[in-house]
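# A look at the structure
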Amino acid sequence: MKDSFKNVRMDSLNKKWAQSISRLTPIYSRGNDLRSEFERDYTRLLHCRAYRRLRHKTQVFFAPRNDHACTRMEHVGHVASVSQTISRYLGLNEDLTRAIALGHDIGHAPFGHSGEDILNSLLKKDDDVPSTPKRFWHERNSLFFADYIETLDDPNEIKKPLNLTYAVRDGLICHCGEIDEQGIKPRENAMNLYDIKRPGLVQPYTWEGCVVKLSDKIAFLGRDIEDARMYHLFDMGSYRQLREIVMATFGLPKRDSSLKRSGRAVNTTVLINDMIVDLCEHSSPTDGLRFSESYARFIVELKKFCFTNIYSHWRLQEFQHYAEVVIKTIYDTLLRAEPFAKNGRLPFNANDYPSLAKPFEEWLICHSNYKKAGEEKDLRYAMRYDTPTIFDVNSQESFQKCVIEFISGMTDDYAIQSFNEIISF
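Procedures and definitions
- Residues numbered from 1 in each chain as written.
- Predicted model: local features only at pLDDT ≥ 70, side-chain atom pairs only at ≥ 80, totals over all residues.
- Heavy atoms only, no water.
- Helix = DSSP H or I, 4+ residues; strand = E, 2+ residues; numbered from the N terminus.
- Buried < 20%, exposed > 50% of the residue type's maximum accessible area, 1.4 Å probe, protein only.
- Contact = heavy atoms within 4.5 Å.
- Expected span 1.5 Å × (residues − 1).
- Salt bridge = Lys/Arg side-chain N within 4 Å of Asp/Glu carboxyl O.
- Core = buried A, V, L, I, M, F, W, Y, C linked by side-chain atoms within 4.5 Å.
- pLDDT = per-residue confidence, 0-100.
- Axes fitted to C-alpha atoms, helices over the stretch in contact; angles between N-to-C directions.
- Parallel < 35°, antiparallel > 145°, perpendicular 65-115°, else oblique.
- Left-handed = near helix turned anticlockwise from the far one by under 90°.

## A word on the overall build of the protein
What the protein contains, in helices and strands, is 19 helices and zero strands. Residues counted as buried form 52% of the 425 residues belonging to the protein. Long-range contacts, defined here as pairs at least 24 residues apart, represent 72% of the contacts in the protein between residues at least 6 apart.

Structure (structure tokens):
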């Protein structure tokens, strides 16, 4: 129902307001600023480098040469659009949902979820603890990048961390939409967000964060099918299966020739609109954010269809093997620098790897206690970065995480370019 969530929206009347707008450190205020706290977060994310790189990061199809294939940046735009539409209708805070949506994937690895899995596999696991959670997962990495890596990109100022509000930071790490849930409601208590050990287990702190979580699912299900169709991944059996899923949901007779809903099933805008409308019609502060039972089943079946016919398609799996070689080669190359970094030198130079060597050394200077041998002044200051020291080049484990985080910030194209330099002679 329209405006049914107006009394629980995140505003100054909400009991969670003070916590939601709190920041790790206070920031300056402008007397003539027209923006809300969450609009300021939106602007900070919009101008950060991790957001810009999303235009060359995989959504589903790797390093696409087709200008019309969905990239990670376009997916983020879809999520922002869906979440803002839902928030506006329900009476929630559109500024907050828009900021969370814009930043929710800034920690994504190159090559999409395959890259995420590859980076996770490279991190050491404790074999004695089978339940050890993932060490690399992009929701947590989005929070990590927002807190420690990304800066306000002002060429005339010392670059400082984004320093986002708690509500936006919470929305970044809690946005996992992979789990199928009904009646989502925000948690009551604030917490140390780095105490969250697994994706999808903790609900967002705000209703707006819950909206983004569901909007992520709505957005990727619709657009992934459209791209798969464009790339001719579906055969007649796939289309038949998709038509049956749609007919089962809408209750259409199998031989209904007067209403060709099979076309709707692969129409992105219709799919997204139908899911948005159903969510808005069946959600309430009492029952939580939920779809009707028929649409909930529809979404589950649609996800199964996508995993079988898109994400597990042999062409994508072949590229996954290539992505693994690319990432692992870069990882092994950079990890060889660990014993040399302690002495302020790296075992490769710009002549060997012109695209890789200098950016990685700058990364070390900005985010670790590395100090280049022979330099008289602190290069962190010279580069005008007021960033915290978060990696220790004297610790093998910390250096490993440093390399993983550097790779996670790469675009598909930059990773491939770096790989080609490494293997070229």
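## Observations regarding helix α8 (residues 166-173)
Counting buried positions along α8 gives eight out of eight residues, so the element sits mostly inside the fold. Taken together, the buried positions of α8 are Y166, A167, V168, R169, D170, G171, L172 and I173. Turning to α8, the residues buried within the fold contact α1 (17-20), α2 (37-46), α5 (94-103) and α7 (138-149).

## Brief notes about helix α19 (residues 412-423)
Taking 1.5 Å of rise per residue, the 12 residues of α19 would be expected to cover 16 Å, and the 17 Å separating its terminal C-alpha atoms lies within 8% of that figure. Turning to α19, its buried residues are D412, Y414, A415, I416, S418, F419, E421 and I422. The elements touched by buried residues of α19 are α14 (314-335), α16 (357-367) and α18 (396-408).

## Some points on the pattern of salt bridges
Counting across every chain of the model gives 18 salt bridges. The residue D41 makes a salt bridge to R23 at a minimum N-O spacing of 2.7 Å. Separated by 18 residues along the polypeptide, D41 in helix α2 and R23 in the loop between α1 and α2 bring together distant segments of the chain. Here D41 matches R23 in class, with each residue buried. Its salt-bridge partner being D170, residue R187 comes within 2.7 Å of it at the nearest N-O pair. With R187 in the loop between α8 and α9 (207-230) and D170 in helix α8, this pair connects stretches of sequence that are 17 residues apart. Across this residue pair, the class does not change: R187 and D170 are buried.

## Thoughts on the side chain of T71
In this fold, T71 is placed in the loop between α3 (49-52) and α4 (72-90). Setting aside residues up to four positions removed in sequence, T71 forms contacts with L54, R55, K57, Q59 and P64.

## Side note on the nonpolar core
Judged by nonpolar contacts, the single largest core of 121 residues is most densely connected at L289, I310 and F360. Of the residues forming this core, the biggest block, 11 residues, is contributed by α9. Contact partners of I310, with chain neighbours within four places excluded, come to V60, F61, D224, I225, A228, L233, F234, F305 and L316.

## Here's the deal with the confidence of the model for the protein
The predicted coordinates ought not to be read in detail in places where the model reports low pLDDT. On average, residues of the protein carry a pLDDT of 87, and 89% of them reach 70 or more. Mean pLDDT across the secondary structure elements of the protein bottoms out at helix α11 (residues 262-265), with 44, and peaks at α8, with 98. Note that pLDDT drops below 50 for residues 126-132; the model gives that stretch three contacts with residues more than four away or on any other chain. Between residues 256-265, whose pLDDT stays under 50, and residues either more than four places distant or in other chains, the model counts 12 contacts.

## A short note on the packing of helix α6 (residues 112-122) against α14
Here α6 crosses α14 at 45 degrees, and the two axes come no closer than 10 Å. It follows from the interaxial angle that α6 and α14 lie oblique. Where α6 crosses over α14, the handedness of that crossing is right-handed. Residues S114, G115, I118, L119 and L122 of α6 form the contact with α14, whose participating residues are Q320, A323, E324, I327, K328 and Y331.

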